[in-house]
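Examining the three-dimensional arrangement
Here are the chains, one letter per residue:
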Amino acid sequence: HNIFSGQWSTINKRSQETTRVYSLAIRRIITIVHTISISEHLNQTSTTMMSCHALSLALILSLLGAGGVAAASSENSNNNEQLFQQQQLLIREKPPLRVFVLVGQSNMVGHGSRSALDESTGQQKNATLEWLVANAPDRFGMLKQELGESGEVGVEVRAGKSGKTKKKSSQKSEWAIRPDVFIACNSRALDDLSPRVTTYGNLYAGLCAGDPDQKDQVGPELGFGWAVGDAFNRGVADNDNKVLLLKIAWGGKSLAVDFRPPSSGGTTGPFYESVIANVKNTMTNIAHIFPNESDRPVQLSGFAWHQGWNDGCNDTMAAEYEYNLANLIRDVRKDLNMPDLPFAIAGTGMKGYSKQPTRREDVINAELKVAKYPEFKGGVASVDTRPFARGPAPASPTDFGYHWMCNAESYWLIGQSLGKSMVDLVNHREEGQVTEES
């Protein structure tokens, strides 16, 4: 750090290519030092440690030496380009782990029925995920996979309050697992504000969905993960791109109070503060949560929001929803130090186009309107979810209107639409960066 800090101001004035080499070099060195720290923690032998330190020191010195050569020959663009290409080969990075944050209340927690049997017939109820896979295999068949010889697939990891983790197979499930999409989530207990993830693993139907004591639930994370995973990972050489969904949600929470952003004045919502702390904490501890990805750069790529029911229960909260939502976007971007963070919103349209109290219409209209603010152009999108509403039982598993009738198709469509909107926002942002660099 001391060596680089003394040279950075000078290097930064050199050619753009040399600057990029140093930037990548620093990131690689940080990864090596982190690996050494882990090795020390695991009490590796002194011989191995000496080899690791020697290797890292040699790499640092070689990079510094190469940087000095580049600086001395900055007048010669051909030499610079050749050096840059050589350094690219030396410090080639893995593709980044793209992190998407999913936040909201109970419908982001997810209450779609993965499986629910009709007591009178013993058959799957309509619109459970099991029913959808069986009756619409062209749309949902990929969510299942054949059982292996062991009869078990997937691993779910749960971290207790002590920090110790327990692994268990995914209850002899046939649900397909995305090897390229990870998910991590908070406990989802209503009063647990601890800024940490308690469950994580590769994405499959049911992981990180429902309240802590519920099973066989799915939420928007499933469709969202499939959408962003397909967009960013499929067709990529070696399938080496990876995505992490960081889901932070609690049931029964309002934007006006619980998630209240600082810029709205009054008391900042404790759940807003927990979200920001959880994102920062998780982003800096990826190597401990997913150790196999410790050598991969981590890139915060987007923020998805699905909330609104509680604010629609109160005239005052509904009236200020637009103001609070706009402030939420601004404050999240500011507090995460990413002023153009893509932000996708899924509306609170569980009642469809049926007649609703004015306050609920106000929330829906606010969610659609904020995305059209000139300041948010190209960086914020809103999905009208009213077309995804389905009828009550027997057309759906339940008649719980506030939870989309527990209809798995509704939750899948919400996640898919959020994910596809997010992909468009990310591509727009990254294409703009490429244009600016060129």
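For the structure, see preceding data.
Notes on the structure in this doc start here. (Residues numbered from 1 in each chain as written. Predicted model: local features only at pLDDT ≥ 70, side-chain atom pairs only at ≥ 80, totals over all residues. Heavy atoms only, no water.)

Points about the overall build of the chain
The cut-off we apply is this: We count a stretch as a helix when DSSP gives it H or I for four or more residues in a row; a strand needs E for two or more, and each element gets its number in order from the N terminus. Think of it in three bands: residues with accessible area under 20% of the maximum for their type are buried, residues over 50% are exposed, and the middle band is partly exposed, with areas taken using a 1.4 Å probe on protein chains only. The contact definition used throughout considers only heavy atoms, calling two residues in contact when any of these lie within 4.5 Å. Exposure was quantified through the Shrake-Rupley algorithm and a 1.4 Å probe, taking into account, for residues, occlusion by the shown protein chains and nothing else.
The helix and strand tally for the chain stands at 14 helices and eleven strands. For the chain, buried positions account for 50% of its 438 residues. Considering only contacts in the chain between residues 6 or more positions apart, those separated by 24 or more positions represent 71%. Working note: accessible area of the chain is about 20,700 Å², and carbon and sulfur atoms make up 52% of it.

Description of the packing of aromatic side chains
Test applied: Put simply, two rings from Phe, Tyr or Trp (the six-membered ring, in Trp's case) pair if the centres are within 6.5 Å, and we call them stacked under 30 degrees between planes, edge-to-face over 60, tilted for the rest. The criterion for a charge sitting over a ring is simple: Lys NZ or Arg CZ within 6 Å of the ring centre, and within 35 degrees of the ring normal.
One pass over the structure, following the stated rule, counts 13 aromatic pairs. Here the aromatic rings of Trp 250 and Phe 259 are separated by 6.0 Å at their centres, their planes lie at 50°, and the arrangement is tilted. Each member of the pair Trp 250 and Phe 259 is classed as buried. Each member of the aromatic cluster is reached from another via a ring pair, and the members are Trp 250, Phe 259, Phe 271 and Trp 305. Looking at Arg 178, its charged tip hangs above the ring of Trp 226, at a distance of 5.0 Å from the centre. Taking NZ or CZ as reference, Arg 360 lies 3.6 Å from the ring centre of Trp 309, over its face.

Structural notes on the packing of helix α12 (residues 321-335) against helix α13 (residues 358-370)
The description of two helices packed together rests on the angle between their axes and the distance between the axes. Quick reminder of the rule: For helices, the fitted line uses only the C-alpha atoms of the stretch in contact; every axis is such a line through C-alpha atoms, and the angle between N-to-C directions lies from 0 to 180 degrees. By the definition adopted for this analysis, an angle is roughly parallel if under 35 degrees, roughly antiparallel if over 145, roughly perpendicular if from 65 to 115, and oblique otherwise. Take the far helix as your reference; a near helix turned counterclockwise from it by less than a right angle gives a left-handed crossing, and one turned clockwise gives a right-handed crossing. Any residue that is not Ala, Val, Leu, Ile, Met, Phe, Trp, Tyr, Cys, Pro, Asp, Glu, Lys or Arg is counted as polar, Gly included; the first ten are nonpolar and the last four charged.
As a packed pair, α12 and α13 sit with axes 9 Å apart at the nearest point and diverge in direction by 40°. Considering the angle they form, α12 stands oblique to α13. In this structure, α12 meets α13 at a crossing whose hand is right-handed. Touching Tyr 321, Glu 322, Leu 325, Ala 326 and Ile 329 of α12 are Val 363, Ala 366, Glu 367, Lys 369 and Val 370, all from α13. Residue classes in the contact of α12 with α13 are distributed as seven nonpolar, no polar and three charged.

Concerning the environment of Lys 242
The condition that has to hold: By the criterion applied in these results, polar contacts are pairs of N or O atoms within 3.5 Å in which, for protein atoms, one can donate a hydrogen and the other can accept it, and in which residues neighboring in sequence qualify only through two side-chain atoms.
Of note, Lys 242 is situated in strand β8 (residues 242-249). Given a relative accessible area of 13%, Lys 242 falls into the buried group. Taking the C-alpha atoms as reference, Lys 242 lies 9.0 Å from Val 99; in sequence the two are 143 residues apart. Leave out the neighbours within four places in its chain, and Lys 242 touches Pro 96, Leu 97, Arg 98, Pro 179, Asp 180, Phe 182, Asn 233, Glu 293 and Arg 296. Here the side chain of Lys 242 touches Glu 293 through a polar contact of 3.3 Å, side chain to side chain.

Here we look at the state of the cysteines
Filter applied, for reference: The rule for a disulfide is simple: a pair of cysteine sulfur atoms within 2.5 Å.
Per the stated rule, a full pass over the model turns up one disulfide. Here Cys 185 pairs with Cys 208 through a disulfide, and the sulfurs are 2.2 Å apart. Around the S-S axis, the bridge from Cys 185 to Cys 208 shows a dihedral of about -85° and counts as left-handed. With Cys 185 in strand β5 (residues 178-185) and Cys 208 in the loop between β6 (199-203) and β7 (217-218), this residue pair connects regions lying 23 residues apart in the sequence. The class of Cys 185 is buried, set by a relative accessible area of 0%. For Cys 208, a relative accessible area of 3% translates into the label buried.

Describing helix α9 (residues 270-283)
Heads up, the condition is: Take the residue count of a helix, subtract one, and multiply by 1.5 Å to get its expected span.
Given a rise of 1.5 Å per residue, 14 residues ought to cover 20 Å, and the 20 Å separating the end C-alpha atoms of α9 matches this to within 8%. Every buried residue belonging to α9 is among Phe 271, Tyr 272, Ser 274, Val 275, Ile 276, Asn 278, Val 279 and Thr 282, and all of these are buried. Where α9 is buried, its residues meet β1 (97-104), β8, α10 (286-289), β9 (298-306) and α12.

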